[in-house]
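# Geometric and topological summary
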Amino acid sequence: VLHLGDSRTVTVTARYADGTSRDVTRWCRFTSIDETVATIDERGVVAIIGRGEGAISAWFSSKIALARVVVPFATQIPPEVYSNAPRNNVIDDLVLEQLEKLHLKPSPSANDATFIRRAYLDTIGRLPSPEEASVFVADRSPGKHERLADLLLARPEFIDYWTYKWSDVFLLSGAKLRPNAIDAYYGWIRDRVSINMPWDQLVRELVTAKGSSIENGATNFFAVHQDPETMAENVSQAFLSLSIGCAKCHNHPLEKWTNDQYYAFANLFSRVRAKGWGGDPRSGSGIRTLYSEDSGDLIQPRTGHPLPPAPLDAESLDPNDPSDRRESLARWLTAPENSSFTRSIANRIWANFLGLGLVEPIDDLRTSNPATNEKLLAALAEHLRAHRYDLKSLMRLILVSNTYRRSSEVLPENKDDLRWHARAYPKRLMAEVLSDAISDVTGVHDSFTEIALNDGSTEKITGYGSDTRAMQLRDSAVKNYFLKTFGRNARDITCECERSHQPSLVQVLHLANGSTINDKLSSQSGRITALLAADPKPEELVRQAWMLCLSRMPSETERKEFEAMLTTAAAPEKRQFVEDMYWSLLTSREFLFRH
């Protein structure tokens, strides 16, 4: 623990296998993980320039070591604030421990209306109905948050949402696969989500898949990765959150992976073959058979010779063994002692619910990019191991924690918190969830009839009914202007960077004047037509609008202003007033963001 203005000199000692040790400080390369907290020069002198928690990395001989730097904020928080704070499980214990160390005050719990909206959006990707929200808010019995978590984890929409999330990671795209292969691949993922297959088992099935691309949808994972190098890079990125691509041409500049390690790892996939399929994924019979040859190796270009196949930081396999090398890879990959495998999925799940990963970017778990709360990430990983990689178990642990329940209210004592979870962080709804939310409120769904191909052309498709939700799309190539504008994952590469949450002027203009909201509000087959047909009172129109869009009752000021406008509106103008009221809600930050 240091203070503003402090300086320290780092000393690095290398310990060798023969038992000797040596001061190697002068040969190290130093990096500050967060230069808003501390800087470090080439001599290893650390200067504290800001408050928070950061880290210093030292790199020597392809080895990286970290030193944590903690600089408490200037606020003075009584100890009882932390000792008396609500705690439901280990998450709360470890978050509060860090907040106390940093002198950050936790925000109070969110109100029930905010919480149910947040929990629905994060768990099943849709808004609660007005009835569901009203029942939850009115419920005063103990344990209702736990019951809500169990309810959401059992909802059929949970399957839609998480099948879609994993489809992003596994790159389901009609730009690369034929429709029958997409259907098989999607069905394989959906079946496993529906039975809550343990994550390690799901990954083992995927990595070792063989057979027909139609009968075993998992084989299509290898159809979108056409060479051993790409297979290796995407397996590492998807399941270990480690990017090794930079080591393809030279030793990795930001991590310990060497060029030889890259080609030894890629050689695990050198015998993967497919037959019955041409070079264009959308031509030919559309049915491939994936299998493993009993011989063949990947050449290391630098030496002109193959390297013995080996998982990262693991013993090499016998290069003459004719068995499928992916079987050994899968055992190593999903072994409980492979901490990167468990930490990777734990961090992805945490980021989904808390809006921010313990490691950011969430698929960048290199040693030189440490977690903001290492104890917490380790605890989440241990929970997964103890519960045999049951993802729902981890989701429930998060959902029932008081950390997840915390409001987004900014206090003077936590205004500088951007990553330690003293409060909830608002996040814009992902494109597909936002699209479905607009459809649910307006009562008008989109039509999905075309896919966009790589050459810029489109192709007609069938199979999506008039009530299909964006979260039920099997294919990221399905053409939809709104989803593209709001940053849908194109599934070109296995990287979270493929999805964008960045605002843009095009998004603003589309919300204001585009067809997605305006045409749905004016549709004669939509919700507003049905509401007005019953001739409801102004107060009922206002209440219904707020509950549908925001899952809460309008405030007194909101209610009075809109009721007054609706009461005085002439009959021909009433519909326009109602449409404008819904438009103002659907384009508000409160609707667009999960908070």
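Residues numbered from 1 in each chain as written. Predicted model: local features only at pLDDT ≥ 70, side-chain atom pairs only at ≥ 80, totals over all residues. Heavy atoms only, no water.

The next thing to look at is the overall build of the chain. A count of helical and extended segments in the chain gives 25 helices and 17 strands. For 595 residues, the compact-globule estimate of 2.2 N^0.38 gives 25 Å, and the C-alpha radius of gyration of the chain, at 27 Å, lies within 12% of that figure. In terms of principal-axis extent, the alpha carbons of the chain reach across some 90 × 70 × 45 Å. Looking at the chain residue by residue over its 595 residues, the buried ones come to 54%. (Helix = DSSP H or I, 4+ residues; strand = E, 2+ residues; numbered from the N terminus. Rg over C-alpha atoms; globule rule 2.2 N^0.38 Å. Buried < 20%, exposed > 50% of the residue type's maximum accessible area, 1.4 Å probe, protein only.)

The next thing to look at is the sheet that holds strand S4 (residues 29-32). Whether parallel or antiparallel, the strands of a sheet pair through hydrogen bonds between backbone atoms. Here three strands make up an open sheet; going across it, the order is S4-S7-S8 and the pairing antiparallel. Bordering the open sheet on either side are S4 and strand S8 (63-71), each of which pairs with just one other strand. With direction set aside, neighbouring strand axes in the sheet form an average angle of 20 degrees. As paired strands, S4 and strand S7 (residues 52-60) are joined by four bridges and run antiparallel to one another. Note on S7: the bridge partner recorded for Arg29 is Trp59. (Pairing = 2+ DSSP bridges. Axes fitted to C-alpha atoms, helices over the stretch in contact; angles between N-to-C directions.)

Between helix H2 (residues 90-102) and helix H14 (residues 374-386), the shortest axis-to-axis distance is 9 Å and the interhelical angle comes to 170 degrees. Relative to H14, the element H2 is oriented roughly antiparallel. Here Val90, Ile91, Leu94, Val95 and Glu97 of H2 lie close against H14, whose contacting residues are Lys375, Leu376, Ala379 and Leu380. (Parallel < 35°, antiparallel > 145°, perpendicular 65-115°, else oblique. Contact = heavy atoms within 4.5 Å.)

A separate point is the pattern of salt bridges. Within the structure shown, the criterion is met by 43 salt bridges. The partner of Arg68 in a salt bridge is Glu53, with the nearest N and O atoms 3.7 Å apart. Of this pair, Arg68 sits in strand S8 while Glu53 sits in strand S7, and the two are 15 residues apart along the sequence. For Arg68, a relative accessible area of 36% corresponds to the partly exposed category. Judged by its relative accessible area of 11%, Glu53 falls in the buried class. With a shortest N-O distance of 2.7 Å, Glu579 and Arg575 are connected by a salt bridge. Taken together, the residues Glu579 and Arg575, both in helix H24 (residues 571-586) and four residues apart, mark about one turn of the helix. (Salt bridge = Lys/Arg side-chain N within 4 Å of Asp/Glu carboxyl O.)

This brings us to the confidence of the model for the chain. With 98% of its residues at a pLDDT of at least 70, the chain reaches an overall mean of 94. For the stretch residues 278-285, pLDDT sits under 50, and the model shows 15 contacts to residues farther than four places along the chain or on other chains. (pLDDT = per-residue confidence, 0-100.)

This part covers unusual backbone geometry. Cis geometry is found at the peptide bond from Glu360 to Pro361, where omega equals -10 degrees. Mapped onto the elements of the fold, Pro361 is located in the loop between helix H13 (339-354) and H14. Backbone geometry places Asp313, a non-glycine residue, at a positive phi of 55 degrees. Its location among the elements puts Asp313 in the loop between strand S13 (305-306) and helix H12 (325-334). Here Arg388, not a glycine, exhibits a phi torsion of approximately 55 degrees, which is positive. Within the secondary structure layout, Arg388 lies in the loop between H14 and helix H15 (391-399).

This paragraph deals with the packing of aromatic side chains. A full pass over the atoms with the stated rule returns 23 aromatic pairs. Taking the centre distance of 6.4 Å and the plane angle of 75 degrees together, the rings of Phe448 and Tyr464 count as edge-to-face. A residue pair is termed long-range when its members are at least 10 positions apart, and Phe448 in the loop between helix H17 (431-442) and strand S15 (450-452) and Tyr464 in the loop between strand S16 (458-460) and helix H18 (481-485) qualify at 16 residues. Comparing Phe448 with Tyr464 shows no difference in burial state: the two are buried. Arg491 extends its terminal NZ or CZ atom over the ring of Tyr164, reaching a point 4.7 Å from the ring centre. (Phe/Tyr/Trp six-rings, centres within 6.5 Å; stacked < 30°, edge-to-face > 60°. Lys NZ or Arg CZ within 6 Å of the ring centre and 35° of its normal.)

Before going further, it helps to spend a moment on the sheet that holds strand S10 (residues 272-275). The sheet built from three strands is open, its strands ordered S9-S11-S10 with antiparallel pairing. The sheet is open, and its two borders are formed by strand S9 (211-212) and S10, each paired with just one other strand. With two bridges connecting them, S9 and strand S11 (residues 289-292) associate as antiparallel partners. Pairing of Gly211 across the sheet is with Leu290, part of S11.

So, about the state of the cysteines. Taken as a whole and assessed by the stated rule, the structure comprises one disulfide. The disulfide partner of Cys495 is Cys497, and the S-S distance across this bridge is 2.3 Å. Here Cys495 and Cys497 share a disulfide; its torsion about the S-S bond, 130 degrees, makes the bridge right-handed. In this structure Cys497 comes out as exposed when scored by relative accessible area, which is 55%. The structure places no disulfide on Cys249, whose sulfur is separated from the nearest cysteine sulfur, that of Cys246, by 8.8 Å. Take Cys249: its relative accessible area is 67%, and that puts it in the exposed class. (Disulfide = S-S within 2.5 Å.)

Next up on the list: the nonpolar core. The biggest cluster of nonpolar side chains holds 148 residues, and the ones touching the most others in it are Trp166, Phe170, Trp199, Phe239, Tyr582 and Phe591. Apart from the residues lying within four places of it in its own chain, the contact partners of Trp166 are Ile189, Val193, Trp199, Ile345, Arg348, Ile349 and Leu391. Counting 15 residues, the second largest nonpolar core, distinct from the first, contains Val24, Cys28, Ala38 and Ile48. (Core = buried A, V, L, I, M, F, W, Y, C linked by side-chain atoms within 4.5 Å.)

So, about a nonpolar patch on the surface. Taken together, the side chains of Leu505, Val508 and Leu509 define a hydrophobic patch exposed on the protein surface, amounting to about 300 Å² of accessible area. With respect to the element layout, Leu509 can be found in helix H19 (residues 505-513). Given the relative accessible area of 46%, Leu509 is considered partly exposed. (Patch = residues over 30% accessible without salt bridge, like charges linked within 9 Å, V, L, I, M, F, W, Y side chains within 5 Å. Areas by Shrake-Rupley, 256 points an atom, 1.4 Å probe, with all protein chains shown as cover.)

The next thing to look at is the environment of Ser339. Relative to the helices and strands, Ser339 resides in helix H13. As a C-alpha pair, Ser339 and Arg385 span 46 residues in sequence and 9.9 Å in three-dimensional space.

So, on to helix H6 (residues 156-170). Relative to the 21 Å expected for 15 residues at 1.5 Å per residue, H6 spans 21 Å between its end C-alpha atoms, a close match to the ideal helical length. Most of H6 sits out of view: 13 of its 15 residues are buried. Positive phi appears at Leu171, one or two residues downstream of H6, with a value of about 65 degrees. (Expected span 1.5 Å × (residues − 1).)

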